[in-house]
Amino acid sequence: MTITGAIVLFAVFWFLALYMILPLFVRSQEEAGEVEPGTSAGAPDQPLMRKKLIWTTVAAVLMWIVAYLVINSGVITVADIARLTGRPD
């Protein structure tokens, strides 16, 4: 895996994890009982972005490590992928 490939793969995993983690632990202002004037009642009470970004990074690092180990160990090769898709090498 090249350094550019590793960085791109990490970025893909980071955004994937972010989109999975963003909706977790969201409580609306209406549920909290304190709606700020000028905002929607469905707006988040406390978005907890710092914690979510930390958890996103941790999840992305774990996914990247697994992918890196699989790619560099040779468990799955380009020939295997070509064979599964029915395309010639």
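Per chain, residues are indexed from 1 in the order of the written sequence. Only residues with pLDDT of at least 70 are given local features in this predicted model, and only at 80 or more are side-chain atom pairs given and counted; all residues enter the totals for whole chains, interfaces and linings. Hydrogens are left out, water is left out, and the side-chain values use all remaining heavy atoms of the structure.

(A) Representation of the side chain of Lys52. Numbering of helices and strands runs from the N terminus; a helix is a DSSP stretch of H or I covering at least four residues, while a strand is a stretch of E covering at least two. Mapped onto the fold, Lys52 is located in helix α3 (residues 49–73). A simple rule labels every residue: compare its accessible area, found with a 1.4 Å probe on the protein chains alone, to the largest value its type can have, and call it buried under 20%, exposed over 50%, or partly exposed in between. Counting rule for charge: Lys and Arg are taken as positive, Asp and Glu as negative, and neither His nor the chain ends is counted. The salt bridge definition used is simple: a Lys or Arg side-chain nitrogen within 4 Å of an Asp or Glu carboxyl oxygen. Although buried, Lys52 forms no salt bridge, and the nearest oppositely charged side chain, Glu31, lies 11 Å from it. Residues are treated as being in contact if the distance between any of their heavy atoms lies within 4.5 Å. In this structure Lys52 touches Ile21, Leu22, Leu24, Val26 and Pro47, once residues within four positions along its chain are discounted.

(B) Representation of the pattern of salt bridges within the structure. This model, assessed by the stated rule, comprises 2 salt bridges. With its nearest N and O atoms 2.8 Å apart, the salt bridge here joins Asp45 to Arg27. Here the residue Asp45 occupies a position in the loop between α2 (29–32) and α3, and Arg27 occupies one in the loop between α1 (3–21) and α2, the gap between them amounting to 18 residues. The exposure class assigned to Asp45 is partly exposed, which follows from its relative accessible area of 24%. Owing to a relative accessible area of 43%, Arg27 belongs among the partly exposed residues under this scheme.

(C) Spatial organisation of a nonpolar patch on the surface. Judged by side-chain polarity, Met1, Val61, Ile65, Tyr68, Leu69 and Ile71 come together as a nonpolar surface patch covering roughly 490 Å² of accessible area. Mapped onto the fold, Ile65 is located in helix α3. Candidates for patches are residues over 30% relative accessible area with no salt bridge; among them, like charges are joined within 9 Å and nonpolar side chains (Val, Leu, Ile, Met, Phe, Trp, Tyr) within 5 Å. Only the protein chains shown count as covering a residue, and every accessible area follows the Shrake-Rupley method with a 1.4 Å probe.

(D) Expanded view of the environment of Leu9. Note on placement: Leu9 falls in helix α1. Take Leu9: its relative accessible area is 22%, and that puts it in the partly exposed class. Residues Leu9 and Met63, spaced 54 residues apart in sequence, show a C-alpha to C-alpha distance of 9.6 Å. When near neighbours in sequence (up to four residues on either side) are disregarded, Leu9 contacts Met1, Trp64, Ala67 and Ile71.

(E) Just unusual backbone geometry, in detail. Backbone geometry at Phe25 places phi at a positive 60°, although glycine is not the residue there. Inspection of the secondary structure puts Phe25 in the loop between α1 and α2. For Leu48, which is not glycine, the phi dihedral falls at a positive 55°. Looking at the element boundaries, Leu48 is found in the loop between α2 and α3.

(F) The packing of aromatic side chains, seen in detail. Working definition: a ring pair exists when centres of Phe, Tyr or Trp rings (six-membered ring for Trp) sit within 6.5 Å. Plane angles under 30 degrees give stacked, over 60 give edge-to-face, the rest tilted. Scanning the entire structure with this criterion turns up 3 aromatic pairs. When the centroid spacing of 5.1 Å and the interplanar angle of 20° are considered together, the rings of Trp64 and Tyr68 count as stacked. Highlighted residues: Trp64 and Tyr68, both in helix α3, separated by 4 residues, approximately one helical turn. Members of the aromatic cluster, each reached through a chain of ring pairs, are Trp14, Phe15 and Tyr19.

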